[in-house]
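Coordinate inspection notes
The residues making up each chain are set out below.
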Amino acid sequence: HAGASVILVRDREGHPRAYANTCRHRGAAITEGTGNCRAFKCPYHHWIYGLDGALTGAPEMEHTPGFKKSDYGLIEVKLELFGQLMFINFDPNSIPLAEYLGDLPQLLAPYALDQLKLVRRTEYDVACNWKVYVENFMDYYHTPTVHQKSLASGSLSVYHRDPPTAERGKGEYMALYAKHEGSAALLPGVEGFPSMPTLTGRAKDGSTYACVFPCTLLANTKDCVWHVEIHPLGPDRIKLAIGACFHPETIARPDFEEKLAHYYERWDVSVIEDNVINELQQKGVSSPLARAGRVSNFEALSHIHRNWVLDRAVGNAG
């Protein structure tokens, strides 16, 4: 179902809903873009659907024998929440999201994902396979090389001197924990916001990076969270979307906009560096002369992710 168009909307009670973006009459796409509305009108023959997906208007169809509007509501797509993050699943018989995530919600509880607010979302087209990007995101081995002029200087250089902890949780995810001073969302030497008020345990001392299989990525640091959406567009191309999220208390600070620019600077620099190296990685592995190599102890999560994918590709998943 990659590439299927979906309508995301909140109904009149404020609950998020997802529907296939296809009219139940002749299949035309109903809407595009973002905004507010009280109903959806198909541009082709003006069939009208409520926010609950019900067909409320179908011009002239009252003359069609046996036609009932109740039989032709929008096709609903399964949607579940993890904090403020929305997950859709085209398989209505799939296991609940909570079961799929296992103990990840408990692991990330100190970051209060249900309270955070999205302040910016940026998109990029990257010429690499989705698995290449996942492995790079979960790999600290590249930090002192790819990010040598940005992240791997000053206080952040401790990331590759003190090996982070690779974790395979009780759910369909893997995680990486790194202990460090300050925030992982800033360039070295830049002053940011205080830590989130909800932090407990090891979250006070470092950052947790998580990959919800196959390719949802979450970077949870002391003062904010950023999430990464990977939308495969083919074997060698993805659409990348990155969302920056902060706690409401942080957003309410009078200096929020001023200091927020420092976080954007960090993300804008490091994302471009990663995009460039991911595209080079894709070019290299696409060569018929490429051969598999050994991974280091810093790349344990690459090994875990490859086996997770392989198990499902060859039918060995438990």
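In the block above lies the structure referred to throughout.
In short, a report on the structure. Quantities reported herein were computed from a predicted structural model and do not represent experimental measurements. (Residues numbered from 1 in each chain as written. Predicted model: local features only at pLDDT ≥ 70, side-chain atom pairs only at ≥ 80, totals over all residues. Heavy atoms only, no water.)

**Looking at the overall build of the chain**
In plain terms, the rule: By definition, any uninterrupted DSSP run of H or I lasting at least four residues is a helix, any uninterrupted run of E lasting at least two residues is a strand, and each is numbered from the N terminus. Any residue under 20% of the maximum accessible area for its type is buried, any over 50% is exposed, and the rest in between are partly exposed; the area is computed with a 1.4 Å probe on protein chains only. For this analysis, residues touch if any pair of their heavy atoms sits within 4.5 Å.
Looking only at helices and strands, the chain features eight helices and 14 strands. Dimensions of the chain, computed from the C-alpha atoms along their principal axes, are close to 75 × 55 × 35 Å. For the chain, with 318 residues in total, the buried portion stands at 44%. If you take every contact in the chain between residues at least 6 apart in sequence, the share linking residues at least 24 apart comes to 65%.

**A word on the pattern of salt bridges**
This is how it is decided: What makes a salt bridge here is a side-chain nitrogen of Lys or Arg within 4 Å of a carboxyl oxygen of Asp or Glu, nothing more.
Throughout the structure, instances matching the rule amount to 13 salt bridges. When the shortest N-O distance is used, the salt bridge between Asp 268 and Arg 120 registers 2.9 Å. Of this pair, Asp 268 sits in helix α7 (residues 256-285) while Arg 120 sits in strand β8 (residues 117-126), and the two are 148 residues apart along the sequence. Residue classification places Asp 268 among the partly exposed positions, given a relative accessible area of 31%.

**Describing the sheet that holds strand β4 (residues 48-50)**
Think of a sheet as strands paired side by side through backbone hydrogen bonds, with each pair either parallel or antiparallel. Under the convention used in this document: A pair of strands is considered paired only if DSSP assigns at least 2 bridges between the two. Fitted lines through C-alpha atoms give the axes, limited to the stretch in contact for helices. The angle between two N-to-C directions lies from 0 to 180 degrees.
In spatial order, the strands read β3-β4-β5; together these three strands make up an open sheet with antiparallel pairing. Since the sheet does not close on itself, it has two edges, and those belong to β3 (39-41) and β5 (55-57), each with one partner. The sheet shows a mean angle of 35° between the axes of neighbouring strands, taken without regard to direction. Where β4 meets β5, two bridges bridge the pair, whose relative direction is antiparallel. Bridge assignment links Ile 48 to a residue of β5, and that residue is Gly 57.

**Structural notes on the nonpolar core**
To keep it simple, the criterion reads: Residue types Ala, Val, Leu, Ile, Met, Phe, Trp, Tyr and Cys, when buried and joined through side-chain atoms within 4.5 Å, form a set referred to as a nonpolar core.
Ranked by internal contacts, the top residues of the largest apolar core, which has 41 residues, are Tyr 133, Trp 226, Ile 230 and Leu 240. Counting residues per element, this core draws most heavily on α7, at six residues. Not counting the four nearest positions on each side in its chain, Ile 230 is found in contact with Trp 130, Tyr 133, Val 134, Cys 215, Leu 217, Ile 238, Lys 239 and Leu 240. Membership of the second largest hydrophobic core comes to 20 residues, among which are Leu 101, Leu 104, Ala 175 and Leu 218.

**What about the packing of aromatic side chains?**
Heads up, the condition is: Here a pair means two rings of Phe, Tyr or Trp (six-membered ring of Trp) with centres within 6.5 Å. Their orientation is stacked below 30 degrees between planes, edge-to-face above 60, and tilted elsewhere. In this scheme, Lys NZ or Arg CZ marks a charge over a ring once it lies within 6 Å of the ring centre and within 35 degrees of the ring normal.
Tallied over the full model, the rule gives 16 aromatic pairs. Ring centres of Phe 67 and Tyr 72 lie 5.2 Å apart, and the angle between their planes is 15°; on these two criteria the pair is classed as stacked. For Tyr 72, a relative accessible area of 31% translates into the label partly exposed. Linked through ring pairs, Phe 137, Tyr 140, Phe 193, Tyr 209, Trp 226, Phe 246, Phe 256, Tyr 263, Tyr 264 and Trp 267 together constitute an aromatic cluster. Over the face of the ring belonging to Tyr 264 we find Arg 120, whose NZ or CZ atom lies 3.9 Å from the ring centre. Looking at Arg 202, its charged tip hangs above the ring of Tyr 177, at a distance of 4.3 Å from the centre.

**Side note on a nonpolar patch on the surface**
Basically, it comes down to this: Patches here are clusters of residues that have more than 30% relative accessible area and form no salt bridge, with a 9 Å joining cutoff for like charges and a 5 Å cutoff for nonpolar side chains (Val, Leu, Ile, Met, Phe, Trp, Tyr). Using the Shrake-Rupley algorithm and a 1.4 Å probe, accessible areas are obtained, with residue cover drawn only from the displayed protein chains.
A cluster of nonpolar side chains, namely Leu 8, Leu 81, Met 86, Ile 88 and Phe 90, defines an oily patch on the protein surface of about 430 Å² accessible area. With respect to the secondary-structure elements, Phe 90 resides in the loop between β7 (85-89) and α1 (97-101).

**Some words on the sheet that holds strand β12 (residues 216-220)**
What the seven strands build is an open sheet, ordered β8-β14-β13-β12-β11-β10-β9; its pairing is antiparallel. Bordering the open sheet on either side are β8 and β9 (165-168), each of which pairs with just one other strand. Mean inter-strand twist for the sheet, computed between neighbouring axes without regard to direction, equals 15°. Two strands pair when backbone bridges link them, and β12 and strand β13 (residues 225-234) are joined in this way by four bridges, in the antiparallel orientation.

**Structural notes on empty space enclosed by the protein**
Put simply, the test is: Only protein atoms enter the 1 Å grid, on which a cavity is a set of points fitting a 1.4 Å probe that cannot get out and a pocket is an open set with protein on both sides within 12 Å along at least 5 of 7 lines, lining residues being those with an atom within 4 Å of a point. Grid points are joined across faces, edges and corners, and a volume is the space filled by probe spheres set on the points. The nonpolar class holds Ala, Val, Leu, Ile, Met, Phe, Trp, Tyr, Cys and Pro. Asp, Glu, Lys and Arg form the charged class, and all remaining residues, Gly among them, are polar.
In total, this model carries one cavity of 30 Å³ or more according to the counting rule given. One number sums up the size of the largest cavity: a volume of about 290 Å³. Of all elements in the fold, only α3 (130-137), β13 and α7 reach the threshold of two or more residues within the lining of the largest cavity. Of the residues in the lining of the largest cavity, the class split is 11 nonpolar, five polar and three charged.

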